[in-house]
Amino acid sequence: LLELCIVNIVAQGDCYGYDLVKRLAAVKSLVVTEGTVYPLLARLKAAGILKTYLKESDAGPARRYYSLTPEGRQMAALMNRHWEQLTAGVASLTKGNAP
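This section reports on the structure supplied with the text. Everything numeric here is computed off the predicted structure, so don't read it as measured data. (Residues numbered from 1 in each chain as written. Predicted model: local features only at pLDDT ≥ 70, side-chain atom pairs only at ≥ 80, totals over all residues. Heavy atoms only, no water.)

## Comments concerning the environment of Ala11
- Along the chain, the position of Ala11 falls in helix H1 (residues 2–12).
- Considering only alpha carbons, one finds Ala11 and Ala76, 65 residues apart in sequence, at a separation of 8.0 Å. (Helix = DSSP H or I, 4+ residues; strand = E, 2+ residues; numbered from the N terminus.)

See the structure below:
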């Protein structure tokens, strides 16, 4: 679920790690910490889903920004399709409609 959230946030525009943590933490019922997000970002980068670059910051040291690779965009589309199917299936079950 966190991977899905991260790739969708980054698909909207490049962002740095702490910004991702704040945006994820703002989602009700989604409990995240930096200790969870940063290792996941490293795994997504190692898998070729994300790429990084450094950008100077007015508020301190340079920040590491994350962006999607072309493979990351494909993965995001696939993950979103699976998520839509899953949520539709669960919604039908909660309404008493067996698939």
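Right, picking up where we left off after that structure.
## Looking at the pattern of salt bridges
- Taken as a whole, this structure holds one salt bridge when the rule is applied.
- Linking Arg23 and Asp19 is a salt bridge whose minimum nitrogen-to-oxygen distance equals 4.0 Å. Of this pair, Arg23 and Asp19 both sit in helix H2 (residues 17–25), four residues apart, which is roughly one turn of the helix.
- Since its relative accessible area comes to 18%, Asp19 is described here as buried. (Salt bridge = Lys/Arg side-chain N within 4 Å of Asp/Glu carboxyl O. Buried < 20%, exposed > 50% of the residue type's maximum accessible area, 1.4 Å probe, protein only.)

## What to know about the pairing of strand E2 (residues 50–57)
- Sheet topology note: the E2/strand E3 (residues 60–68) ladder contains seven bridges and is antiparallel. Bridging from a neighbouring strand, Ser57 pairs with Gly60 of E3.
- Hairpin connection, E2 to E3: the antiparallel pair is bridged by two residues. (Pairing = 2+ DSSP bridges.)

## Thoughts on the packing of aromatic side chains
- One pass over the full model with this rule turns up two aromatic pairs.
- When the ring of Tyr16 is compared with that of Tyr65, the centres are 5.5 Å apart and the planes differ by 65°; the resulting orientation is edge-to-face. Of this pair, Tyr16 sits in strand E1 (residues 15–16) while Tyr65 sits in strand E3; the two residues are 49 residues apart in sequence, bridging distant segments of the chain.
- Under the relative-accessibility criterion, Tyr16 is labelled buried at 15%.
- Here Tyr53 and Tyr65 contribute two aromatic rings whose centre-to-centre distance is 5.7 Å and whose plane-to-plane angle is 15°, an arrangement assigned as stacked. A residue pair is termed long-range when its members are at least 10 positions apart, and Tyr53 in strand E2 and Tyr65 in strand E3 qualify at 12 residues. (Phe/Tyr/Trp six-rings, centres within 6.5 Å; stacked < 30°, edge-to-face > 60°.)

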